[in-house]
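# Secondary and tertiary structure notes
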Amino acid sequence: MSEAAREYEEPPSQQIQVLPREDAHGGDDLFRKVDLARKFWPEATQSEWNDPRWQMANRLRTLEPLSTLLDLKPYQKPRYKRLIDAFHYSITPYYLSLANWSDPEDPIRKQCVPDLRELEFQMVGDNDPLEEEDDMQVQGLVHRYPDRVLVIATNACSMYCRHCTRKRIWHEGESSRSKKDFQAMLHYIRVTPEVREVIVSGGDPLTMNMELLDWLLGELRRISHVEVLRIGTRLPVVLPMGVTDDMVKMLRGHRPLWLNTQFNHPAEITPESREACDRILSAGIPVSNQSVLLRGINDSPEIMKDLCHGLQRIMVRPYYLFQCDPVRGVEHFRTSIWKGIEIIEMMRGYTGGLTIPNFVVDAPGGGGKIPLQPFYLLSVTDKEILLRNYEGMIIKYYNPDETHMERGRKSNGAGRDGGTAQLLKGQGKALVPEETQRYKRRKQKDLLFKLGDMK
Ligand SMILES: *Cc1c(COP(=O)(O)O)cnc(C)c1O
Ligand code: SF4
């Protein structure tokens, strides 16, 4: 048995030792977290803590623990009662243990603890801005794009994200679809040969009965035109011990299968979540990440870069960065569109492309995901294009039918004033900002070569 495996199977002691979070926000983290865990679950042992069933059974879900958590005064309780009646809550002990309770702005806390602003903003936004209901061919099956469909397999999650786009289905109670519902979806997919990919989402499909999920994936697999399956789950982030060997073994049998998860902040990258991702990856299932851009949580280029670098280190590929949808009860999380573009601007070129997600807006009215990015295309004429790179270098690019002769002819003296017109009119190849590190390196290299020549 490997060292790592032994550690996992034999809890070293009977007392909870919540592992310190990896991004090292401060040395006292460990003690504070253990204190919090002891407050709510004083009797818990390490092996209970590592048991997903214990985690599920001990989630905070009622007014009582919420009052303790927020230290509510009696007069405040009715409002919170109304809040959690409107939008229920559920926090796994594990996820709660990642929060820093001395910080009201803590990114973990904001994602899981109900906030009165959810009620304040209840009238802003839609229940179903993406009009998923309108694109449902069969109850629970969204067919929006030509070649792929989305199965809303359950509306249960182990933790309810306060920013969830599908808050509207929380009202329907926690349940997965019945086998009969799935049969209807399967029938639709069978008779729709353009469907080559099926995305099983929710809610969180990995909270479903594993036999039912196994059956569903197996039935999908049997449809000859369904080439690829995908699962959307937040389990590795909010309940990583729930990613069990049995589960992974089951999933492994349904490959080609891709798994998308949702890390939103570097503080969520812990030894436990890394281990969960590693188990999935080791089964030959690629793990990608879809973050939601959330005000006050990750709406800064620095945090997003940290997150994406952290994800790359645990071999999870940043796939999408979602603009937060205008959903009822979520308005306080929304940022301006420009924030997402700024984040991409600060990443593209400066760091590896494998760490850069696509920033997308899921268009209201069922328009689907629309990618947005900084403006790299500055101008176009019939044959020429002005591009800029991440540093601000402006480059003229030729389309392939452009000949050199034509280029010469077009130069008529216009554009002598410089700037981008000068480029388009045929003088020079690029406008180059000269103060960048890259040019300093180039100059240094030239100098070194010259010195070398002199020897
Ligand atoms: C996001 C989404 C998909 C998947 O889109 P990709 O761009 O392939 O990730 C499919 N169907 C629906 C309804 C979706 O919202
Ligand atoms: S895991 Fe996904 S579906 Fe579940 S509450 Fe969070 S965002 Fe919503």
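In this text the structure is predicted, and so the values were computed from the model without any measurement. (Residues numbered from 1 in each chain as written. Chains lettered and ligands numbered in written order. Predicted model: local features only at pLDDT ≥ 70, side-chain atom pairs only at ≥ 80, totals over all residues. Heavy atoms only, no water.)

Residues in contact with ligand 2, as listed here, are C157, M159, Y160, C161, C164, W170, G203, R234 and Q262. When grouped by side-chain class, the residues that make up the shell around ligand 2 number six nonpolar, two polar and one charged. (Near = heavy atom within 4 Å. Nonpolar A, V, L, I, M, F, W, Y, C, P; charged D, E, K, R; others polar.)

Moving on, we get to a nonpolar patch on the surface. On the surface, a nonpolar cluster with roughly 310 Å² of combined accessible area is contributed by L447, L448 and L451. Of note, L448 is situated in helix α19 (residues 437-454). (Patch = residues over 30% accessible without salt bridge, like charges linked within 9 Å, V, L, I, M, F, W, Y side chains within 5 Å. Areas by Shrake-Rupley, 256 points an atom, 1.4 Å probe, with all protein chains shown as cover. Salt bridge = Lys/Arg side-chain N within 4 Å of Asp/Glu carboxyl O. Helix = DSSP H or I, 4+ residues; strand = E, 2+ residues; numbered from the N terminus.)

This part is about the sheet that holds strand β10 (residues 368-371). Spatially, β1-β2-β3-β4-β5-β6-β7-β8-β9-β10 is the arrangement adopted by the 10 strands of the open sheet, whose pairing is mixed. At either margin of the open sheet sits one strand with a lone partner, and together these are β1 (136-138) and β10. For this sheet, the mean angle separating the axes of adjacent strands, direction not counted, is 30°. As judged from the five bridges shared by strand β3 (residues 148-152) and strand β4 (residues 197-201), these two strands associate in the parallel manner. Bridging from a neighbouring strand, L150 pairs with I199 of β4. (Pairing = 2+ DSSP bridges. Axes fitted to C-alpha atoms, helices over the stretch in contact; angles between N-to-C directions.)

For the rest of this paragraph, the subject is helix α13 (residues 245-252). Of the residues making up α13, those classed as buried are M247, V248, M250 and L251. Here the buried residues of α13 occupy an arc of 160° about the axis, which is enough to place them on one side. Away from the buried face of α13 by more than 90 degrees, exposed residues D246 and K249 are located. On its buried face, α13 is in contact with α11 (210-221), β5 (228-232), α12 (235-238), β6 (257-261) and α14 (271-282). (Buried < 20%, exposed > 50% of the residue type's maximum accessible area, 1.4 Å probe, protein only. Arc of directions from axis to C-beta. Contact = heavy atoms within 4.5 Å.)

Moving on, we come to the packing of helix α15 (residues 301-313) against helix α16 (residues 337-347). Their axes nearest at 9 Å, the elements α15 and α16 cross at an angle of 60°. In terms of orientation, α15 lies oblique with respect to α16. α15 and α16 meet at a crossing whose hand is right-handed. Between α15 and α16, the residues in contact are P301, M304, K305 and C308 and E342, I343, M346 and M347, respectively. Residue classes in the contact of α15 with α16 are distributed as six nonpolar, no polar and two charged. (Parallel < 35°, antiparallel > 145°, perpendicular 65-115°, else oblique. Left-handed = near helix turned anticlockwise from the far one by under 90°.)

Take the sheet that holds strand β12 (residues 384-388) next. Taking strand neighbours across the sheet as the criterion, the four strands line up as β11-β12-β13-β14 in an open arrangement whose pairing is antiparallel. With partners counted over all chains shown, the strands left at the sheet margins are β11 (377-380) and β14 (430-431), one partner each. Summarising the sheet, β12 and strand β13 (residues 394-398) pair through five bridges and their orientation is antiparallel. In the sheet register, R388 faces β13, and the bridge partner there is I394.

Now for the packing of α11 against α13. Axis angle and axis distance: for two packed helices, these are the angle between their axes and the distance between the axes, and together they describe the pair. The geometry of α11 relative to α13 is characterised by a closest axis approach of 10 Å and an angle of 15° between their N-to-C directions. As judged from the angle between their axes, α11 and α13 are roughly parallel. In the packing of α11 onto α13, the handedness of the crossing is right-handed. Contact residues: M210, L213, D214 and L217 in α11; M247, M250 and L251 in α13. Among the residues forming the contact of α11 with α13, the class breakdown is six nonpolar, no polar and one charged.

Here the focus is the side chain of S273. Its location among the elements puts S273 in helix α14. A polar atom in the side chain of S273 sits 2.8 Å from the backbone nitrogen of T270. Ignoring sequence-local partners within four residues, the contact set of S273 consists of Y94, P236, P240, F263 and E268. (Polar contact = N/O pair within 3.5 Å; in protein donor to acceptor, adjacent residues only side chain to side chain.)

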